[in-house]
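Structural overview
Okay, here's what each chain looks like letter by letter:
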Amino acid sequence: MHRLVRPLKGRMIAGVCQGIADRFGCSVVPVRVLTVGATVFFGISILIYLVLWILVPDER
């Protein structure tokens, strides 16, 4: 497993979903679908996304 970083390639907005997918070795599509679904149905995941955007470092 890789460490959790926001990669420079494959980003849509900030690279949080791509970083999570890379960390757990899965495709980014389900991670993005779950993020959008959780935002639509629960609303709190947008806050979690923003916090991860701030806390997870960029890939260097």
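What comes next is a walk through the structure. Not measured: the values here are computed from a predicted model. (Residues numbered from 1 in each chain as written. Predicted model: local features only at pLDDT ≥ 70, side-chain atom pairs only at ≥ 80, totals over all residues. Heavy atoms only, no water.)

Some remarks on the overall build of the protein chain
Scanning the protein chain from N- to C-terminus turns up three helices and zero strands. When the elements of the protein chain are put in sequence order from the N terminus, they spell out α-α-α. Relative to its length of 60 residues, the protein chain is compact, with a C-alpha radius of gyration of 11 Å against a globular reference of 10 Å. With the principal axes as the frame, the protein chain shows a C-alpha extent of 35 × 25 × 20 Å. Within the protein chain, the proportion of its 60 residues that are buried is 25%. Counting every atom, the protein chain has about 4,500 Å² of accessible surface; 72% of that belongs to carbon and sulfur. (Helix = DSSP H or I, 4+ residues; strand = E, 2+ residues; numbered from the N terminus. Rg over C-alpha atoms; globule rule 2.2 N^0.38 Å. Buried < 20%, exposed > 50% of the residue type's maximum accessible area, 1.4 Å probe, protein only. Areas by Shrake-Rupley, 256 points an atom, 1.4 Å probe, with all protein chains shown as cover.)

Focus: the nonpolar core
Counting residues in each nonpolar core, the largest one holds seven residues, listed as A14, V16, C17, A21, V28, V31 and Y49. Going through the elements one at a time, α1 (16–24) and α2 (28–41) are the ones with two or more residues in this core. With three residues, α1 is the single largest residue contributor to this core. The contacts of V16, once residues within four sequence positions are left out, are R6, Y49, L52 and W53. (Core = buried A, V, L, I, M, F, W, Y, C linked by side-chain atoms within 4.5 Å. Contact = heavy atoms within 4.5 Å.)

Points about the packing of aromatic side chains
Taken as a whole and judged by the stated rule, the model has one aromatic pair. Aromatic pair Y49 and W53: ring centres 6.4 Å apart, planes at 70 degrees, arrangement edge-to-face. Highlighted residues: Y49 and W53, both in helix α3 (residues 45–55), separated by four residues, approximately one helical turn. Classification of W53 by relative accessible area gives partly exposed; the value is 37%. The aromatic ring of F24 is capped on one face by R23, whose charged end is 5.4 Å from the ring centroid. (Phe/Tyr/Trp six-rings, centres within 6.5 Å; stacked < 30°, edge-to-face > 60°. Lys NZ or Arg CZ within 6 Å of the ring centre and 35° of its normal.)

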